[in-house]
Amino acid sequence: MESEVSETPIYTPYHPRWYRARVSTYWWSRRWAYLKFILRELSSIFVAYFVVLTLLQIRALTQGPDAYARFQERLKAPVLVALNALAFFFVLFHAVTWFNLAPKAMNLRMRGKRVPDLLIVLPNYVAWLAISTVVAWLLLR
Amino acid sequence: MARDIHGGGLAPSAVREMAKRSNEPFLWALFSAGGVVAAFLIPVLLFLHGLAFPLKWLQPPTYQRELALVSHPLGRLVLFILCFLSLFHWAHRFRYTLYDGLQIKHLNEVIFFLCYGGAVVGTALAGYMLWRIP
């Protein structure tokens, strides 16, 4: 008696699959909240840019007064001023969103009650102001 | 601190992969510490050195003064911590920007090593450069 079973088994096309809607690469452009999220994420690029700028400044400082004067002169180029203005906007955005998110991440409790958001956010801003003042005083006095 | 979104809404396979990676909380802690340091220090430093001094809004410190500030042990320490943590902050956040923002999910390993590898190299470079200041 000959077998009807073929050498290669035939699979049914109905094997289970996850349904996952394709997400567009530009999904964040549709709503302000999403755009804010992606801008906050992109701020990290300018944080890294600041480190590069700082290391270049330290290198110029190490090389001597002439090299440092050249470095300062180069920073006056309109392209670099524009880049620094953009970077400043992004690091400011990072700072503000970071401080505002702090109470959501910390969730401090006192006597069984959640500490009000303002009590966590406000000290952050006060510390920010204090630190900025000290740094500015050190560089400007 | 302040990391409510990353890690949410991942595919089951990605969640399993992350659970396997036990260094994720450690990397998150570095990211978080970097976020704090960057928020406190970078705006004022970038405003002064990148805008106020080049545009002559304010008088920049002399070479001697800037060198004295940077080469002071405390100055070196603060700058090293700032560079180190800021770079790891960048590495973590940028990795997830590519993952969630740009939906790049097939280059996970490459992005992982480029981001944190870049942060490690940058930190070593910062340490070396701050060390050799006269």
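Computed from a predicted structure; not experimentally measured.

1. Describing the overall build of chain A
- The secondary structure content of chain A amounts to four helices and two strands.
- Secondary structure of chain A in N-to-C order comes out as α-α-α-β-β-α.
- Put simply, chain A has 141 residues, and 19% of those count as buried.
- Across chain A, contacts joining residues at least 24 apart in sequence account for 45% of those joining residues at least 6 apart.

2. Re the overall build of chain B
- When helices and strands are counted, chain B shows five helices and zero strands.
- Secondary structure elements of chain B occur, N-terminal to C-terminal, as α-α-α-α-α.
- A buried classification covers 34% of the 134 residues belonging to chain B.
- For chain B, restricting intrachain contacts to residue pairs at least 6 apart in sequence, the fraction spanning at least 24 positions comes to 78%.

3. Overview of the interface of chain B and chain A
- Counting residues at the interface gives 51 residues for chain B and 50 residues for chain A.
- Of all the secondary structure elements, the ones that give two or more residues to the side of chain B that touches chain A are α2 (24-52), α3 (63-71), α4 (73-101) and α5 (108-131) of chain B.
- For the side of chain B that touches chain A, the class distribution of residues is 37 nonpolar, nine polar and five charged.

4. A word on the environment of A:S132
- Here A:S132 is to be found in helix α4 (residues 117-140).
- Measuring from C-alpha to C-alpha, the distance between A:S132 and A:V81 comes to 21 Å, with 51 residues separating the pair along the chain.
- Excluding residues within four positions of it along the chain, A:S132 makes contact with B:P43 and B:V44.

5. A short note on the confidence of the model for chain B
All names here are of chain B.
- Looking at chain B, pLDDT values average 87 and 84% of them are 70 or higher.
- Per-element confidence in chain B ranges from a low mean pLDDT of 58 for helix α1 (residues 12-20) to a high of 96 for α3.
- Scored below 50 in pLDDT, residues 1-5 makes 19 contacts in the model with residues more than four places away or belonging to other chains.
- Predicted complex metrics record ipTM = 0.84 and pTM = 0.83.

6. Digging into the nonpolar core
- Counting 46 residues, the largest nonpolar core has A:V47, A:F50, A:V91, B:I42, B:L87 and B:F88 as the members making the most contacts within it.
- A per-element tally of this core places α2(B) first, with 12 residues.

7. So, the packing of helix α1 (residues 32-63) of chain A against α2(B)
- Here α1(A) crosses α2(B) at 55°, and the two axes come no closer than 11 Å. Considering their axes alone, α1(A) and α2(B) lie oblique with respect to each other. Where α1(A) crosses over α2(B), the two elements pack in a sense that is left-handed. Only B:A38, B:I42, B:L46 and B:H49 of α2(B) make contact with α1(A), whose side of the interface consists of A:V47, A:F50 and A:Q57.
- The class makeup of the residues in the contact of α1(A) with α2(B) is five nonpolar, two polar and no charged.

8. Comments concerning the packing of α1(A) against helix α2 (residues 65-74) of chain A
Residues and elements named next belong to chain A.
- Remark: α1 packs on α2, axes separated minimally by 5 Å, with the N-to-C direction vectors making an angle of 145°. Of the two possible hands of crossing, α1 and α2 adopt the one that is left-handed. On α2, the residues touching L56, Q57, A60, L61 and Q63 of α1 are A67, Y68 and F71.
- Its residues assigned to classes, the contact of α1 with α2 shows six nonpolar, two polar and no charged.

9. A few points about the environment of B:L46
- Structurally, B:L46 is set in helix α2.
- The residues touching B:L46, leaving out its near neighbours within four places in the chain, are A:F50, A:N84, A:A87, A:F88 and A:V91.

10. Quick notes on α2(B)
- Spanning 29 residues, α2(B) covers 39 Å between terminal C-alpha atoms, matching the ideal 42 Å at 1.5 Å per step.
- If you look at α2(B), its biggest bend is around 40°, right at B:I42, and the proline B:P43 turns up within four residues after that.

Definitions and cut-offs
- Residues numbered from 1 in each chain as written.
- Chains lettered and ligands numbered in written order.
- Predicted model: local features only at pLDDT ≥ 70, side-chain atom pairs only at ≥ 80, totals over all residues.
- Helix = DSSP H or I, 4+ residues; strand = E, 2+ residues; numbered from the N terminus.
- Buried ≥ 20, exposed ≤ 12 C-beta atoms within 10 Å, placed from the backbone.
- Contact = placed C-beta atoms within 7 Å.
- Nonpolar A, V, L, I, M, F, W, Y, C, P; charged D, E, K, R; others polar.
- pLDDT = per-residue confidence, 0-100.
- Core = buried A, V, L, I, M, F, W, Y, C linked by C-beta atoms within 7 Å.
- Axes fitted to C-alpha atoms, helices over the stretch in contact; angles between N-to-C directions.
- Parallel < 35°, antiparallel > 145°, perpendicular 65-115°, else oblique.
- Left-handed = near helix turned anticlockwise from the far one by under 90°.
- Expected span 1.5 Å × (residues − 1).
- Bend = angle between axes of the 7 residues up to and from the residue.

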